[in-house]
Amino acid sequence: MLNSLKYTIKEAFTQLFRNGAMTVASVFSITAMLLILGIFFLITVNIGLAVENVKDDFDTVSVYLLDETSYETAQTMMLQLEGMPEVENVHYLDKDTALAQWTAEKFADNADMFEGLAKNPLPNSIEIKVKDLASAENVAKVAETFDGIQKVGYYKDVADKLLRISEGLRTGMMIIMAFLVVISVVVVSNTIKLTVFARRKEIEIMKYVGATNWFIRGPFLTEGIIIGIFSAILSSGMLVFIYSRVVKSFSLHITWFMDTGMVPVSFMTFNLIWIFLALGISIGACGSIVSMRRFLDT
Amino acid sequence: MLNSLKYTIKEAFTQLFRNGAMTVASVFSITAMLLILGIFFLITVNIGLAVENVKDDFDTVSVYLLDETSYETAQTMMLQLEGMPEVENVHYLDKDTALAQWTAEKFADNADMFEGLAKNPLPNSIEIKVKDLASAENVAKVAETFDGIQKVGYYKDVADKLLRISEGLRTGMMIIMAFLVVISVVVVSNTIKLTVFARRKEIEIMKYVGATNWFIRGPFLTEGIIIGIFSAILSSGMLVFIYSRVVKSFSLHITWFMDTGMVPVSFMTFNLIWIFLALGISIGACGSIVSMRRFLDT
Amino acid sequence: MIVFDNVTKNYNTNIGLDHVSVRIKKGDFVFLVGPSGAGKSTFVRLVLKEIEPDEGRIFVNGLEVNTLTNRLIPKLRRSTGIVFQDFRLLPNKTVFENVAFAMEITHQTARQIRRQVPQVLGLVGISIKADKYPNQLAGGEQQRVAIARALVNNPTVLIADEPTGNLDPDTSWEIMRLLEQINLRGTTILMVTHAKDIVDKMGKRVIAIEKGKIVRDEYGDYGYKEEEAHSHRGAYIGGGYNKHA
Amino acid sequence: MIVFDNVTKNYNTNIGLDHVSVRIKKGDFVFLVGPSGAGKSTFVRLVLKEIEPDEGRIFVNGLEVNTLTNRLIPKLRRSTGIVFQDFRLLPNKTVFENVAFAMEITHQTARQIRRQVPQVLGLVGISIKADKYPNQLAGGEQQRVAIARALVNNPTVLIADEPTGNLDPDTSWEIMRLLEQINLRGTTILMVTHAKDIVDKMGKRVIAIEKGKIVRDEYGDYGYKEEEAHSHRGAYIGGGYNKHA
Ligand SMILES: Nc1ncnc2c1ncn2[C@@H]1O[C@H](COP(=O)(O)OP(=O)(O)OP(=O)(O)O)[C@@H](O)[C@H]1O
Ligand SMILES: Nc1ncnc2c1ncn2[C@@H]1O[C@H](COP(=O)(O)OP(=O)(O)OP(=O)(O)O)[C@@H](O)[C@H]1O
Ligand SMILES: [Mg+2]
Ligand SMILES: [Mg+2]
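Since we're looking at a predicted model, the values are computed, not measured. (Residues numbered from 1 in each chain as written. Chains lettered and ligands numbered in written order. Predicted model: local features only at pLDDT ≥ 70, side-chain atom pairs only at ≥ 80, totals over all residues. Heavy atoms only, no water.)

Participant: How do you make sense of the coordination of the magnesium ion (ligand 3) when you look at a structure like this?
Facilitator: In an ideal tetrahedron of four donors about a metal, each angle is 109.5 degrees. In an ideal octahedron of six donors, the angles are 90 or 180 degrees. Residue and element names in this part refer to chain C. For the magnesium ion (ligand 3), the full set of protein donor atoms is Ser41 (OG) and Gln85 (OE1), and the range of their distances to it is 1.9 to 2.2 Å. Taken together, the positions of serine 41 in helix α1 (residues 40-47) and glutamine 85 in the loop between β6 (80-83) and α3 (95-104) put the pair 44 residues apart, joining distant regions of the chain. Like glutamine 85, serine 41 is buried. (Donors = N, O, S within 2.8 Å, 3.2 Å for Na, K, Ca; no water. Helix = DSSP H or I, 4+ residues; strand = E, 2+ residues; numbered from the N terminus. Buried < 20%, exposed > 50% of the residue type's maximum accessible area, 1.4 Å probe, protein only.)

Structural data, given as structure tokens:
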């Protein structure tokens with residue numbers, strides 16, 4: 001048993017080395033496929049993060065109060081709202097601050113344009129930050145049951161849109177990811193199939209000399225696994241390198257086009273390596289086993 | 001010459017057929033790669049379109065007028081603005097309509113909340129639609145030179161951001177696309193290399209019997225081209241099918257998450273087929289020639 | 001022990017073997033002769049279950065070959081040393097490794113392999129080529145590697161399909177002596193050959209096949225009419241070429 | 001016409017050919033004999049520029065082989081019919097197509113091919129196997145396809161490396177008659193062989209190589225000491241096995 005294992009591993013390395021050109025070709029192909037998967041993975045994870053960040057900007061529910069509602073009543077409401085598990089935090093926004101913020105936002109440097117305003121048209125409000133955009137609706141419903149409020153407002157359209165976008169992106173990315181994985185499996189197993197094909201004569205000879213199927217499979221399987229590992233290391237190495245460069249150039253132009261950060265390199269590195277190793281090894285292994293079947297089953 | 005051509009083509013088809021398993025494996029691999037390229041192409045083109053559409057929503061420059069500026073003065077300004085090549089169209093927005101629009105937008109169904117307002121705080125304005133978001137800044141600069149205006153506003157931040165996003169997306173997509181093309185070329189040529197490798201003995205025998213290099217190359221080259229064509233047809237067929245399904249389901253939920261349409265199927269079909277044929281054929285052909293080199297150069 | 005009981009094997013329309021019954025006892029030394037395409041290699045392939053018979057039963061070392069499960073085929077092949085007509089050496093392994101491979105599949109220790117392989121390579125006279133790959137060998141050298149691989153496990157049955165086809169008379173005789181020696185130790189030997197002089201001079205049992213049928217099975221010689229061949233030289237010298245046609 | 005002028009070819013440390021000079025005239029029929037590994041196939045490979053000599057010059061049909069540009073190698077090989085020791089048939093082509101291939105590379109018309117290939121297949125006696133693939137043929141049948149392919153272009157020089165190694169005596173003699181006939185038509189023939197009886201009975205020029213050196217070059221026989229071989233039977237029957245060793 002131990003003998004066989006030693007033989008298998010030695011044999012696998014020897015053959016990888018002797019079939020150098022073929023080994024290189026298949027490692028390159030598989031690395032290439034993993035790179036595609038990896039890039040897509042990086043994009044997906046970052047877009048996901050970006051969407052979450054954008055969602056954070058809209059996770060506020062505003063409860064507009066009637067002018068006659070006192071601050072004390074508002075405090076009671078706020079206490080009640082703070083008690084809800086979906087709520088992150090709550091604060092009171094009086095109408096003057098609101099107007100100031102609004103004019104500052106809308107008319108920027110000409111904010112003084114509204115100074116002569118006889119009466120502030122805006123209401124006081126309670127601003128509720130929810131933990132998850134999806135629960136904004138619930139919180140809004142609860143707030144609507146309060147007395148003394150004029151109206152409950154939240155970015156319903158934007159929230160719905162964002163939720164749908166993130167939902168859509170998630171399913172879209174999932175589908176494309178699944179699709180890419182399928183394609184990678186096809187390409188990688190075809191690559192391995194072709195290398196096995198190039199060596200079908202050898203497999204036949206081994207059989208005719210009396211080797212058991214597992215004795216023949218062993219080294220090929222190990223070769224597949226080694227090729228998988230190599231490709232995984234190569235591709236995750238390249239990806240981590242590229243990604244860390246990208247992240248660096250991003251942190252220089254941090255607000256280049258979005259204010260959200262990127263998923264940290266260390267987190268990615270860790271995940272990529274494990275995912276790739278798992279993928280590389282399993283495809284490599286299954287690929288060899290499956291491709292050898294037709295040369296072994298007589 | 002004609003004889004050779006006939007031989008070459010017949011031979012290529014015969015060998016493709018007789019090496020069935022290998023042909024299938026390589027067609028699948030190459031189809032898979034083209035599918036990835038194609039999906040990415042579809043995504044890129046559609047994101048491009050979406051960004052253009054989004055840009056359209058922000059390509060407005062607002063010239064806020066002083067209350068004392070008469071409609072006639074405004075008309076003169078508008079005429080001048082309309083004369084600019086960057087300007088798409090110009091219209092006048094009086095302060096009441098503006099307030100109505102604003103309250104409708106901001107406080108939706110409680111628009112009546114502002115009815116008691118003593119004085120409309122908003123100014124009259126000239127709304128300029130520019131042809132291209134990038135020229136908004138120019139137009140704004142010109143408008144600022146006018147007398148009788150309070151302020152010129154346009155979505156400067158948003159515009160800059162959007163321009164940078166579309167710029168960023170374009171370069172990003174370009175880089176990824178180039179990268180994918182490189183990867184595809186690697187995978188496809190490795191696939192072809194492996195099929196040639198599986199048949200190196202044959203190539204050697206042909207040489208030893210006295211066949212010229214081009215006589216040997218001919219059928220392999222043709223095989224490469226045929227495999228390329230097959231894969232191109234298969235992958236563009238699949239993509240067009242998938243894409244038309246996606247477009248259809250989109251047009252049902254047209255505002256599912258964005259209001260922009262998708263690039264029409266017919267346009268895509270046409271482009272995809274040509275791009276894929278060009279890619280498939282050239283990679284197939286170059287792949288065979290290059291992979292055969294080492295078996296031919298003695 | 002090899003027993004063929006009314007075995008028929010057709011390749012589509014081609015006759016491979018046609019109702020052949022043969023009994024080769026343990027320790028026998030048998031030559032299988034016959035014209036090209038007679039069915040000799042078909043016989044060998046059937047013994048190894050490389051192909052399946054259409055009819056009839058085959059026994060090797062007491063195992064019924066036709067009913068053998070896939071799992072047991074390697075056992076059959078390992079108990080049988082085989083020299084293939086086309087050598088079937090592993091192109092990516094050196095001479096040493098090719099022979100060692102036959103031992104590795106029976107899970108022998110590295111030490112046993114290191115001891116036995118050089119010994120067998122010495123027996124067939126290619127020790128100095130141990131580190132060469134098959135494509136670096138002369139035809140006769142490859143053939144001897146194939147013989148070494150068949151011998152290395154001390155098989156109870158040795159089947160050699162044309163083992164001296166690429167060997168000069170000297171080397172051929174050395175190989176024949178080796179086979180004789182092995183046969184004396186109790187190994188059953190079935191040798192397919194066209195080497196008339198070897199068959200004649202060894203005086204062993206000769207089974208002659210023609211068009212898939214056994215036409216002769218007796219101790220003695222190759223059974224080829226010498227006269228015609230001998231007459232050749234004279235005929236040519238006399239210029240009467242057409243006489244041979 | 002084949003001329004070797006002081007040709008040396010070493011494979012790293014192995015001697016292939018060692019300062020060999022030979023002159024084979026147009027229309028000659030020459031046997032090249034020698035023990036396994038002597039350098040016979042090396043000689044053949046040098047003629048075809050499959051390998052390059054380390055030293056010396058080689059001429060075939062007036063072309064100096066060593067200085068031949070890559071573009072002209074196919075011309076050399078086409079003017080030479082070759083039967084390789086390991087056949088080298090194209091595995092994905094039928095017997096017919098294998099032979100036809102040799103004609104296609106010289107750009108002959110489909111009609112010529114359809115006429116000539118069956119004729120040559122008939123000459124070597126494998127017409128009925130025309131549609132089979134090499135792996136569906138018996139060893140001897142493959143060898144005859146290789147011979148047919150070498151003959152089909154009516155080459156001016158025919159080089160056959162062990163063309164009867166897998167053939168029974170009858171078929172061997174048929175092939176030899178065929179070669180003789182072709183030789184009478186003016187084709188130079190160089191045949192590498194171990195078939196002592198054939199060489200002896202043909203009475204042609206025999207070049208014997210040993211360890212890369214030409215040790216004999218004369219008209220006559222194989223030059224193998226019959227006595228030892230003949231003595232074998234007696235020795236074995238007498239039980240004196242060790243005498244052979
Ligand atoms: N796989 C196959 N498919 C079809 N026909 C085959 C196949 N293998 C062998 N044959 C045919 O069966 C017959 C017997 O073949 P076999 O290999 O047994 O001959 P043989 O006696 O070994 O000849 P040789 O001495 O030339 O090797 C031949 O006519 C051959 O063409
Ligand atoms: N590619 C190679 N690399 C190294 N050594 C080689 C190579 N080819 C042949 N040799 C060695 O050169 C010597 C001559 O080989 P060659 O093939 O010419 O012998 P041969 O006379 O044809 O023998 P046989 O009758 O067995 O075919 C042998 O010792 C062989 O091992
Ligand atoms: Mg045979
Ligand atoms: Mg040789």
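The discussion continues.
Participant: Can you help me understand the pairing of strand β1 (residues 2-11) of chain D in this one?
Facilitator: Working note: regular strand, side chains alternate between the two faces of the sheet. Residue and element names in this part refer to chain D. Across seven bridges, the pairing between β1 and strand β2 (residues 14-24) is antiparallel. Residue pairing across strands places valine 3 opposite arginine 23, the latter belonging to β2. Counting the residues that bridge the hairpin from β1 to β2 gives two residues, and of these asparagine 12 lies at a positive phi of roughly 50°. Both β1 and strand β4 (residues 55-60) contribute to a ladder of five bridges, which runs antiparallel. If you follow valine 3 over to β4, its bridge partner there is phenylalanine 59. (Pairing = 2+ DSSP bridges.)

Participant: Please clarify how the interface of chain B and chain D should be interpreted in this entry.
Facilitator: Each partner contributes to the interface: chain B provides 19 residues, whereas chain D provides 24 residues. For the pairing of chain B and chain D, the buried interface totals around 2,000 Å² over both sides, and the portion due to carbon and sulfur atoms is 58%. Summed over the three residues of chain B that lose the most area to chain D, namely Arg18, Tyr208 and Val209 of chain B, the buried surface amounts to 34% of that side. Taken together, chain B and chain D are joined by eight residue pairs in polar contact (both at pLDDT 80 or more). Mapped by element, the contributors of at least two residues to the side of chain B that touches chain D are α1 (2-18) and α7 (200-209) of chain B. Among the residues forming the side of chain B that touches chain D, the class breakdown is seven nonpolar, six polar and six charged. (Contact = heavy atoms within 4.5 Å. Buried area = accessible area lost by both parts, 1.4 Å probe. Polar contact = N/O pair within 3.5 Å; in protein donor to acceptor, adjacent residues only side chain to side chain. Nonpolar A, V, L, I, M, F, W, Y, C, P; charged D, E, K, R; others polar.)

Participant: Help me understand the environment of leucine 221 of chain B, please; the structure alone is not making it clear to me.
Facilitator: Residue and element names in this part refer to chain B. The topology assignment puts leucine 221 in helix α8 (residues 213-252). Given the relative accessible area of 19%, leucine 221 is considered buried. Separated by 76 residues in the primary sequence, leucine 221 and threonine 145 place their C-alpha atoms 67 Å from one another. When sequence neighbours within four positions are dropped, the list of residues in contact with leucine 221 reads Trp214, Ala285, Ser288 and Ile289.

Participant: Where do I start with a positive patch on the surface in this structure?
Facilitator: A cluster of basic residues, Lys6 and Lys10 of chain A together with Arg111, Arg114 and Arg115 of chain C, forms a positive patch at the surface. Counting only elements with at least two residues in the positive patch, the list comes to α1 (2-18) of chain A together with α4 (110-124) of chain C. With three residues, α4 of chain C is the single largest residue contributor to the positive patch. By relative accessible area, which is 59% here, lysine 6 of chain A ends up exposed. (Patch = residues over 30% accessible without salt bridge, like charges linked within 9 Å, V, L, I, M, F, W, Y side chains within 5 Å. Areas by Shrake-Rupley, 256 points an atom, 1.4 Å probe, with all protein chains shown as cover. Salt bridge = Lys/Arg side-chain N within 4 Å of Asp/Glu carboxyl O. Lys, Arg positive; Asp, Glu negative; His and termini not counted. Charge placed at Lys NZ, Arg CZ, Asp CG, Glu CD.)

Participant: Honestly, the pattern of salt bridges in this entry has me stumped. Any pointers?
Facilitator: When the charged atoms of two side chains lie near each other, side chains of opposite charge can form a pair. Residues and elements named next belong to chain C. This structure, assessed with the given rule, holds 31 salt bridges over all chains. Where lysine 213 meets aspartate 18, a salt bridge forms, and the shortest distance between an N and an O atom there is 2.5 Å. Residue lysine 213 is found in strand β10 (residues 213-219), and its partner aspartate 18 is found in strand β2 (residues 14-24); the two are separated by 195 residues along the sequence. Owing to a relative accessible area of 18%, aspartate 18 belongs among the buried residues under this scheme.

Participant: Looking at this model, I keep getting lost on the packing of helix α4 (residues 110-124) of chain D against helix α5 (residues 139-151) of chain D. Mind explaining?
Facilitator: The description of two packed helices rests on the angle between their axes and on the distance between the axes. Residue and element names in this part refer to chain D. Interaxial distance between α4 and α5 falls to 9 Å at its minimum, and their mutual angle equals 135°. Classified by the angle between their axes, α4 and α5 sit oblique to one another. In this structure, α4 crosses over α5, and the sense of that crossing is right-handed. Here α4 contributes Val120, Leu121 and Val124 to the contact with α5, which in turn contributes Arg144, Ile147, Ala148 and Leu151. For the contact of α4 with α5, the class distribution of residues is six nonpolar, no polar and one charged. (Axes fitted to C-alpha atoms, helices over the stretch in contact; angles between N-to-C directions. Parallel < 35°, antiparallel > 145°, perpendicular 65-115°, else oblique. Left-handed = near helix turned anticlockwise from the far one by under 90°.)

Participant: Sorry if this is basic, but what is going on with the site of ligand 1 here?
Facilitator: Taken together, 20 residues form the shell around ligand 1, and within it Lys40, Ser41 and Thr42 of chain C together with Gly140 and Glu141 of chain D come nearest. Residues close to ligand 1 are split across chains C and D. Between an oxygen atom of ligand 1 and a main-chain N or O atom of glycine 37 of chain C, the distance comes to 2.8 Å. For ligand 1, an oxygen atom lies 3.2 Å from a polar atom in the backbone of alanine 38 of chain C. A total of 630 Å² of accessible area belongs to ligand 1 in isolation, and the protein chains cover 93% of it. Counting residues per element, the shell around ligand 1 draws most heavily on α1 of chain C, which supplies four residues. Looking at side-chain class alone, the shell around ligand 1 contains four nonpolar, twelve polar and four charged residues. (Near = heavy atom within 4 Å.)

Participant: Teacher, can you tell me more about a nonpolar patch on the surface here?
Facilitator: Residues and elements named next belong to chain A. A surface patch of nonpolar side chains, about 590 Å² in accessible area, is lined by Val24, Phe28, Leu234, Met238, Phe241, Ile242 and Val246. Contributions of two or more residues to the nonpolar patch are made by α2 (20-57) and α8 (213-252). It is α8 that contributes the most residues to the nonpolar patch, five residues altogether. The residue phenylalanine 28 is located in helix α2 in this model. By relative accessible area, which is 45% here, phenylalanine 28 ends up partly exposed.

Participant: Sorry, what's going on with the packing of aromatic side chains here?
Facilitator: Each pair of aromatic rings is reported with the distance of its centres and the angle of its planes. This model, assessed by the stated rule, comprises 14 aromatic pairs over all chains. Between phenylalanine 215 of chain B and phenylalanine 101 of chain D, the aromatic rings sit 5.9 Å apart at their centres with planes inclined by 65°, giving edge-to-face as the arrangement. Taken as a pair, phenylalanine 215 of chain B in helix α8 and phenylalanine 101 of chain D in helix α3 (residues 95-104) lie in two separate chains rather than in one. Judged by centre distance (5.3 Å) and plane angle (50°), the rings of phenylalanine 29 of chain C and phenylalanine 31 of chain C are tilted. Residue phenylalanine 29 of chain C is classed as buried on the basis of its relative accessible area, which comes to 5%. Residue phenylalanine 31 of chain C is classed as buried on the basis of its relative accessible area of 0%. In textbook terms, an aromatic cluster arises when at least three aromatic residues are bridged by ring pairs, as seen for Tyr7 and Phe215 of chain A together with Phe101 of chain C. Here arginine 217 of chain A stacks its cationic end above the ring of tryptophan 214 of chain A, 4.5 Å away from the centre of that ring. (Phe/Tyr/Trp six-rings, centres within 6.5 Å; stacked < 30°, edge-to-face > 60°. Lys NZ or Arg CZ within 6 Å of the ring centre and 35° of its normal.)

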